[in-house]
Protein chains: 2
Amino acid sequence: MNERMYELGAAPSAIRELFAYGLARKAEIGADKVYDFSLGNPSVPAPDAIAQAMAKALELPPMQLHSYSPAQGAPACRQAIADNLNKRFGTAYSSDDLYLTMGAAAALDACITAITNPGDEVIANAPYFPEYRIWIENAGCTCVEVPTRSSDFQLDVPALAAAITPKTRAIIVNSPNNPVGTVYTRENLEELAAMLRAKEEELGQPIYLISDEPYRELAYGGAQVSWVPDIYADTLVCYSWSKSFSLPGERIGYVLVPPAAADARRVYLAVCGAGRVLGYVCAPTLLQKVIADCIDTPVNVEPYVRNRKLLTDMLDDLGYEYIEPAGAFYLWMKALEPDAQAFSDKAKGHELLIVASDSFGVGGWVRVSYCVSEETIVNSRDAFAALKADYE
Amino acid sequence: MNERMYELGAAPSAIRELFAYGLARKAEIGADKVYDFSLGNPSVPAPDAIAQAMAKALELPPMQLHSYSPAQGAPACRQAIADNLNKRFGTAYSSDDLYLTMGAAAALDACITAITNPGDEVIANAPYFPEYRIWIENAGCTCVEVPTRSSDFQLDVPALAAAITPKTRAIIVNSPNNPVGTVYTRENLEELAAMLRAKEEELGQPIYLISDEPYRELAYGGAQVSWVPDIYADTLVCYSWSKSFSLPGERIGYVLVPPAAADARRVYLAVCGAGRVLGYVCAPTLLQKVIADCIDTPVNVEPYVRNRKLLTDMLDDLGYEYIEPAGAFYLWMKALEPDAQAFSDKAKGHELLIVASDSFGVGGWVRVSYCVSEETIVNSRDAFAALKADYE
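Residues numbered from 1 in each chain as written. Chains lettered and ligands numbered in written order. Predicted model: local features only at pLDDT ≥ 70, side-chain atom pairs only at ≥ 80, totals over all residues. Heavy atoms only, no water.

Peer 1: Would you explain the interface of chain A and chain B in this entry?
Peer 2: Interface size is often expressed as the accessible area that is lost when the parts come together. Each partner contributes residues to the interface: chain A has 73 residues there, and chain B has 73 residues. Buried area between chain A and chain B, summed over both chains or domains, comes out near 5700 Å², and the portion from carbon and sulfur atoms is 58%. Summed over the three residues of chain A that lose the most area to chain B, namely M1, Y68 and R276 of chain A, the buried surface amounts to 15% of that side. Linking chain A with chain B are 4 salt bridges, by the criterion used here. Between R266 of chain A and E3 of chain B there is a salt bridge, with its nearest N and O atoms 2.5 Å apart. Taken together, chain A and chain B are joined by 38 residue pairs in polar contact (both at pLDDT 80 or more). Contributing elements (two or more residues each) for the side of chain A that touches chain B: helix 1 (3-10), helix 3 (48-57), helix 4 (62-66), helix 6 (103-115), helix 7 (131-138), helix 11 (264-277) and helix 12 (285-294) of chain A. Here the side of chain A that touches chain B takes 9 residues from helix 11 of chain A, the largest share from any one element. By residue class, the composition of the side of chain A that touches chain B is 44 nonpolar, 18 polar and 11 charged. (Contact = heavy atoms within 4.5 Å. Buried area = accessible area lost by both parts, 1.4 Å probe. Salt bridge = Lys/Arg side-chain N within 4 Å of Asp/Glu carboxyl O. Polar contact = N/O pair within 3.5 Å; in protein donor to acceptor, adjacent residues only side chain to side chain. Helix = DSSP H or I, 4+ residues; strand = E, 2+ residues; numbered from the N terminus. Nonpolar A, V, L, I, M, F, W, Y, C, P; charged D, E, K, R; others polar.)

What follows is the structure, given as structure tokens:
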């Protein structure tokens, strides 16, 4: 028995725990009485094109549809993704640069496992998605937390520079960001890239950026999501259609190893090797067909745009402080006491489910997921007001 | 860069390599001129019930279909599996004993990761599926190979007893067996169980059987596939619908931790923890719906029964020696020289693709996968005859 695995299984993440509490509470007092802002489950239905592509795929002979694909994914699907990226970003990727995965979790885990050795260090920009630490530690590495800038939660490049050692293999960036909802500016990423190039030179070894991008298409209010490999060559991109196409349960995503990255071919093969070690075999073949078919379908961000406005208008009205959300579907709100968990617990008393920032590696804030129905936001007003009143 | 991952990615398994060679060769000289017995890709189409269940699932609101399920799988799917097992094996499993996975690979990897610590030993019965070693070594453990009985390839219980040390955490059994096609007899498994119970007593700690069962329903000629947890309580079952329902690309399977197994609740939670560490999140939700719907659909073994007869009749005729195949869709044939790889290479010269036993941990044999069309078997006769003639 592995005690660490037991602990990870026995102690679900704070997010999942709050979500489970919410389900139970809804069953108890009625779904409309609980304002559940806990989870990142998209509230926009998958595009119609997905169901159409699935129905079309079902017309194929079953063996053509359901047989193993190559471990890295069907060439046709990888080519469709490369074409789509090349069209959008003026790049020249080929199908051989792509390794399909069961979502971004598998993509990140494979990248970390591929490019590190036990004893290495991987930097996470806090606040960060808590599973990063689990994957980094499983590879035998140290998860080094570097806080983002306290003013605007952009990357703190001087702090990152100070944290880099000869053992640093990678830095994980996630923009649009979970949990903060920030989008890193081009200037911020360029400052990072310049620093990293200097450090690579100084240390004589590559430092990879692992760009975790499931929210790439979810940006609002004119925020531009830069194509990170354009700014810094040694970037590995991890993507998932979980959020953009609202397919989180179906587990489909990819790793892109751009050919300009250091040791690109060897890193790509190491990602394939990591996939074997992690038990992946291949991404679900039906979803591979669907993605190849639907890749150019526009992402519907309108409901999130509306939710964002409803939520920020309401919080402005009530006098809450928060970071202006630029992407993803999260709002990062200042807790009204230093202990974010106590604040989240107090919110629960008003049937308001918001995740304490502690589980993302920083104190003093809460994450409000606005991938919910409009009614949930509208109807939560009294609860947010009562929570505020508790502190006045 | 992790050199081990690179090597695993750069050196595909011998099976995959031969399969890739076959694809290229077919493109060169025509598919009907290459007799490809290399891969375990089912040749029976998925049952009609699968396509019907998929079409039915597509009528659900997309968010009900595609949202995250709990990490261990949707309760309704786990309950359907428990009900099916209870009906077939007279057991009393509950949904809480099941953890859904992306196929048997993920199930095995999660089990090994859950119950071992670095430095432990896990025993594989040779010949064995080569990825076992990769998963065992990734958990920091030693893969201890114990040859099965040379006469009939049943488990060699005295040899297993001799290989057990205080570090032995688990033994992997796979019946019906890949690559040999044997089904372990009830007597053989009972002898194993008695030995293991005595060893557990002696060592004062559990030794788990990990029962890898993707071929459970594929048994012929009256072979009985025993329900292993009935014979030995400390058994974890790893299953996949890849072979029985011909869905290898879709990645759907499970781990069953029977409640009577030692530390069952803690092992179950450790499997959940291992899933997090390995980046699994949840099994594809569409497939979870489909399995819940189709679980009682009978498995169509008739094509394999016919293929098995065609192949064994032909090999008898030509005077080849082999182990009588009782299950799965593999035939284990004696190489006509001690060097199985040289024999497989010579077969290639006759456009006959059969996998050398070396990659399964033993010398002197080849694996003939008969999950092929009947014509492939019939038309391969001259090639098998010419190969035989090479050694006369």
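Peer 1: For this particular structure, what's the right way to read helix 12 (residues 285-294) of chain B?
Peer 2: Each α-helix winds once per 3.6 residues, and so residues spaced three or four apart point in a common direction. Across the 10 residues that make up helix 12 of chain B, a large majority, 7, are buried. For helix 12 of chain B, every residue scored as buried is listed here: T285, L286, L287, Q288, V290, I291 and C294 of chain B. (Buried < 20%, exposed > 50% of the residue type's maximum accessible area, 1.4 Å probe, protein only.)

Peer 1: How should the sheet that holds strand 12 (residues 355-356) of chain B be read in this particular structure?
Peer 2: Backbone hydrogen bonds hold the strands of a sheet together, and the pairing may be parallel or antiparallel. Residues and elements named next belong to chain B. Strand order in the open sheet formed by 4 strands is 9-10-13-12, with antiparallel pairing between adjacent strands. Here the strands that pair on one side only, and so sit at the sheet edges, are strand 9 (322-323) and strand 12. Strand direction decides the pairing type here: strand 12 and strand 13 (residues 365-369), joined by 2 bridges, are antiparallel. Bridge assignment links A356 to a residue of strand 13, and that residue is V366. In the packing of helix 13 (residues 302-318) onto the sheet, contacts are made with strand 9, strand 10 (330-334) and strand 13, and the angle to strand 10 comes to roughly 10 degrees. (Pairing = 2+ DSSP bridges. Axes fitted to C-alpha atoms, helices over the stretch in contact; angles between N-to-C directions.)

Peer 1: I tried to follow the packing of aromatic side chains on my own but got confused; where do I start?
Peer 2: Describing an aromatic ring pair means giving the distance of the ring centres and the angle of the ring planes. Residues and elements named next belong to chain A. Enumeration according to the criterion identifies 39 aromatic pairs over all chains in this entry. Seen in terms of ring centroids, Y239 and W241 are 5.1 Å apart; in terms of plane orientation they differ by 80 degrees. Their pairing is edge-to-face. Like W241, Y239 is buried. With a centroid separation of 5.1 Å and 70 degrees between ring planes, the pair formed by F329 and Y330 is classed as edge-to-face. Here the two residues F329 and Y330 agree in accessibility, since each one is buried. By way of ring pairs, the aromatic residues Y128, F129, Y132 and W135 are connected into one cluster. Sitting above the plane of the Y21 ring, K348 keeps its charged end 4.5 Å from the centroid. (Phe/Tyr/Trp six-rings, centres within 6.5 Å; stacked < 30°, edge-to-face > 60°. Lys NZ or Arg CZ within 6 Å of the ring centre and 35° of its normal.)

Peer 1: Got a minute to help me understand the sheet that holds strand 9 (residues 322-323) of chain A in this structure?
Peer 2: Residue and element names in this part refer to chain A. If you walk across this open sheet you meet the 4 strands as 9-10-13-12, and the pairing is antiparallel. For this open sheet the edge positions go to strand 9 and strand 12 (355-356), each flanked by a neighbour on one side alone. Relative to strand 13 (residues 365-369), strand 10 (residues 330-334) runs antiparallel, the two sharing 5 bridges. Paired with Y330 across the strands is S369, a residue of strand 13.

Peer 1: What exactly am I supposed to notice about the nonpolar core here?
Peer 2: Buried together is how nonpolar side chains tend to be arranged in soluble globular proteins. Membership of the largest hydrophobic core comes to 113 residues, with the highest contact counts inside it found for I210 of chain A together with I210 of chain B. Here I210 of chain A is in contact with L108, C111, I112, I115, A170, I171, I172, V173, L236 and C238 of chain A, once residues within four sequence places are set aside. Grouped together as the second largest cluster of nonpolar side chains are 64 residues, Y93 of chain A together with W241, L247 and V290 of chain B included. (Core = buried A, V, L, I, M, F, W, Y, C linked by side-chain atoms within 4.5 Å.)

Peer 1: How should the side chain of T148 of chain B be read in this particular structure?
Peer 2: Following the sequence through the fold, T148 of chain B ends up in the loop between strand 4 (142-147) and helix 8 (157-163). Beyond its immediate sequence surroundings of up to four residues, T148 of chain B is in contact with N125, A126, P127, F153, Q154, L155, D156 and Y184 of chain B.

Peer 1: Hey, could you run me through the environment of A82 of chain B in this one?
Peer 2: Residues and elements named next belong to chain B. Counting through the fold element by element, A82 comes out in helix 5 (residues 75-89). The class of A82 is buried, set by a relative accessible area of 0%. In this structure the C-alpha to C-alpha distance between A82 and A92, which are 10 residues apart in sequence, comes to 7.8 Å. Setting aside its immediate chain neighbours within four residues, A82 contacts Y93, S94, S95 and L98.

In short, the description is geometric, and any link to function would need to be established separately.
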